[in-house]
Amino acid sequence: MSEIASGDDLTLEVIERLRAECPLLQSVNEAWFAEPIDDLSEELPAAFVYIENDAAEGSAETLRPVQALKQVYGVWIVTPRDRFRELRKQVRRALFGHDFSPYHDPMEYQSGQQADVKGRYVWWLEMWSTDTHIR
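Description of the sheet that holds strand β5 (residues 121–134)
In any sheet, the strands associate via hydrogen bonds between backbone groups, in a parallel or an antiparallel arrangement.
Here is step 1 of the chain: Spatially, 5 strands are ordered β1-β2-β3-β5-β4 in an open sheet, and the strand pairing comes out mixed. Across the chains shown, the open sheet's two edge strands, defined by having one partner strand only, are β1 (27–30) and β4 (108–118). Along the sheet, successive strands turn relative to each other by an average axial angle of 25 degrees, direction set aside.
Here is step 2 of the chain: Two strands pair when backbone bridges link them, and β1 and strand β2 (residues 46–56) are joined in this way by 4 bridges, in the parallel orientation. For Glu30, the partnering residue across the bridge sits in β2 and is Val49.
Here is step 3 of the chain: The sheet contacts of helix α1 (residues 11–21) involve β1, β2 and β3 (67–80), and relative to β1 the element is tilted by about 180 degrees.

What follows is the structure in structure tokens.
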């Protein structure tokens, strides 16, 4: 993997971390959808990661080109109901407080919500964030 710089998107690093730390997950990929879908063909349980937003926090410093930035990542968890609670614990243990680079603050939990229930499957969406900067 290439070296991570300030302000870089961490989507691929979050995916790699979940693959390594969450043994219940059968598949972990980048999300290609914004809402639950009916024709998901991945092996379950699964997680899908995407960058939700990337927002400046305050003005850029005037003496040197640096600006604070908050990055928010969405993590879809799609799982049978009977595995949901344990899988959510694994995801939270894997991400909370993890340092992805010296240029990003440790990952922080923002929120989680049930987005849908399709038959015996739960679609849960969590938001995670980290502070970094653009230089």
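Remarks on the nonpolar core
Here is step 1 of the chain: One finds Val14, Leu18, Leu25, Val75, Val91, Leu95 and Met107 to be the most contacted residues of the largest nonpolar core, which totals 24 residues.
Here is step 2 of the chain: Of all the elements, helix α2 (residues 81–95) adds the most residues to this core, at 5 residues.
Here is step 3 of the chain: Look past the residues within four positions of Leu18 in its chain and what remains in contact with it is Leu25, Val28, Ala47, Val49, Val75, Val91, Ala94 and Leu95.
Here is step 4 of the chain: In this structure, Ala31, Leu40, Phe48 and Tyr50 belong to the second largest nonpolar core, which totals 12 residues.

Observations concerning the pattern of salt bridges
Here is step 1 of the chain: For the coordinates displayed, the defined rule picks out 4 salt bridges.
Here is step 2 of the chain: Salt-bridge contacts for Arg92 lead to Glu126; the nearest nitrogen and oxygen are separated by 2.8 Å. A residue pair is termed long-range when its members are at least 10 positions apart, and Arg92 in helix α2 and Glu126 in strand β5 qualify at 34 residues.
Here is step 3 of the chain: On the basis of relative accessible area, Glu126 is assigned to the buried category, the value being 0%.

Procedures and definitions
- Residues numbered from 1 in each chain as written.
- Predicted model: local features only at pLDDT ≥ 70, side-chain atom pairs only at ≥ 80, totals over all residues.
- Heavy atoms only, no water.
- Pairing = 2+ DSSP bridges.
- Helix = DSSP H or I, 4+ residues; strand = E, 2+ residues; numbered from the N terminus.
- Axes fitted to C-alpha atoms, helices over the stretch in contact; angles between N-to-C directions.
- Contact = heavy atoms within 4.5 Å.
- Core = buried A, V, L, I, M, F, W, Y, C linked by side-chain atoms within 4.5 Å.
- Buried < 20%, exposed > 50% of the residue type's maximum accessible area, 1.4 Å probe, protein only.
- Salt bridge = Lys/Arg side-chain N within 4 Å of Asp/Glu carboxyl O.

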